Amino acid sequence: MVKIVTREQWQAARPARTPTRITRTKGVKIHYTGSYVNPKIVTDHGICLKLTRDIQRMHMAGGRGEKYIDIGYNLLACPHRYVIMGRGLGVIPAANGAGLNDDHYAICALVGSSGAVAPSDELLHALCDGIELLRTKAGAGREVKGHRDGYATSCPGGPLYAWVRRGAPRPGAPAGKTPKPVPMPDGVPSFVRTLRLVRPYLRGPDVRMWQERLVRRGWRLDVDGVYGPQSAGVCEAFQSAVGLLATGEVDELTWRTTWTWRPPQR
């Protein structure tokens, strides 16, 4: 049975107006918060509810560049296996990007780009519960994609996107076929792994290759093959400069953009 948190239970604000109804989509897109999430969230469900209120407040205040009439997601999923009602079922979301909201519902997993970043099994179960709810009650199709599919963003982060690429399996289910890596454009080296600031620091030829490319593009950076604080800081600055979510992590989209981005013509 799906465990649902109603809008009343998380004390949602009233939407500015009634959202547009929608009866069928190609499927669902998975999101994350894109910000710091307190690691204590895994033991304190109250943090889940407060975070949901904070997201709604930010969306309705224009914190993502435009004011939404309500929280942007149809549903949210928390690490206590609750499905939290956002806009709800059968209404158009606002989180997928301009021109993309008619095609997919939106579910936000309550993990972030720092702090609590890796989805627990219970959170993945909640995502699967939400997907099934949208399929059985709101006409969602079979597609499960990440926010970054079709939109220039790092969302839903490396760990969640890897789960999406595996076919969004329910924990404990038999493993399906491993998806083939997405081919990089001509001239872009193959992506090996997400580079993030961890201890011990990540080292290797892929780190050096990325550093060399940034230096050639004018960024000041030691080319030492070590992904330390300097590399993470330059990565965050680069992401901000090119319009990506500034996570400080070189994920697949950031890696590709490092080679393919061109500054706008003046």
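Keep in mind it's a predicted model, so treat the numbers as computed, not measured.

## A look at the domain arrangement of the protein chain
Right, on to step 1. Taken domain by domain, the protein chain comprises domain 1 (3-166) and domain 2 (180-265).
Right, on to step 2. For the pair domain 1 and domain 2, the summed buried surface comes to about 840 Å²; carbon and sulfur atoms form 46% of the total.
Right, on to step 3. For the pair domain 1 and domain 2, the interface holds two salt bridges.
Right, on to step 4. Between arginine 148 and aspartate 251 there is a salt bridge whose closest N-O contact spans 3.5 Å.
Right, on to step 5. Counting across the domain 1 and domain 2 interface gives one residue pair in polar contact (both at pLDDT 80 or more).
Right, on to step 6. Residue classes in the side of domain 1 that touches domain 2 are distributed as three nonpolar, four polar and two charged.

## Overview of the pairing of strand β6 (residues 104-109)
Right, on to step 1. Across the six residues that make up β6, a large majority, six, are buried.
Right, on to step 2. Going residue by residue along β6, you find His104, Ala106 and Cys108 tucked away on one face and Tyr105, Ile107 and Ala109 tucked away on the opposite face as well.
Right, on to step 3. As judged from the six bridges shared by strand β2 (residues 25-32) and β6, these two strands associate in the parallel manner. Among the inter-strand pairings, tyrosine 32 is bridged to a residue of β6, identified as alanine 109.
Right, on to step 4. When strand β4 (residues 75-77) meets β6, the two strands line up parallel, connected through three bridges. The partner of leucine 76 across the bridge, within β6, is cysteine 108.

## What about the UniProt feature "domain: Peptidoglycan binding-like" (unreviewed entry) in the protein chain?
Right, on to step 1. Within the UniProt annotation, "domain: Peptidoglycan binding-like" (unreviewed entry) is assigned to residues 203-256.
Right, on to step 2. What you have in residues 203-256 is 57% helix and 6% strand, and the ends, taken at the C-alpha atoms, are 19 Å apart.

## Re the environment of isoleucine 107
Right, on to step 1. Topologically, isoleucine 107 is positioned in strand β6.
Right, on to step 2. Judged by relative accessible area, which is 1%, isoleucine 107 ranks as buried.
Right, on to step 3. Along the sequence, isoleucine 107 and methionine 85 sit 22 residues apart, while their C-alpha atoms lie 9.7 Å from each other.
Right, on to step 4. Not counting residues up to four positions away in its chain, the partners in contact with isoleucine 107 are Val28, Lys29, Ile30, His31, Leu75, Leu76, Ala77, Leu127, Gly130, Ile131 and Leu134.

Conventions we followed
- Residues numbered from 1 in each chain as written.
- Predicted model: local features only at pLDDT ≥ 70, side-chain atom pairs only at ≥ 80, totals over all residues.
- Heavy atoms only, no water.
- Domains from an automatic or database assignment.
- Buried area = accessible area lost by both parts, 1.4 Å probe.
- Salt bridge = Lys/Arg side-chain N within 4 Å of Asp/Glu carboxyl O.
- Polar contact = N/O pair within 3.5 Å; in protein donor to acceptor, adjacent residues only side chain to side chain.
- Nonpolar A, V, L, I, M, F, W, Y, C, P; charged D, E, K, R; others polar.
- Buried < 20%, exposed > 50% of the residue type's maximum accessible area, 1.4 Å probe, protein only.
- Helix = DSSP H or I, 4+ residues; strand = E, 2+ residues; numbered from the N terminus.
- Pairing = 2+ DSSP bridges.
- UniProt positions renumbered as here; feature names shortened; annotations may be inferred.
- Contact = heavy atoms within 4.5 Å.

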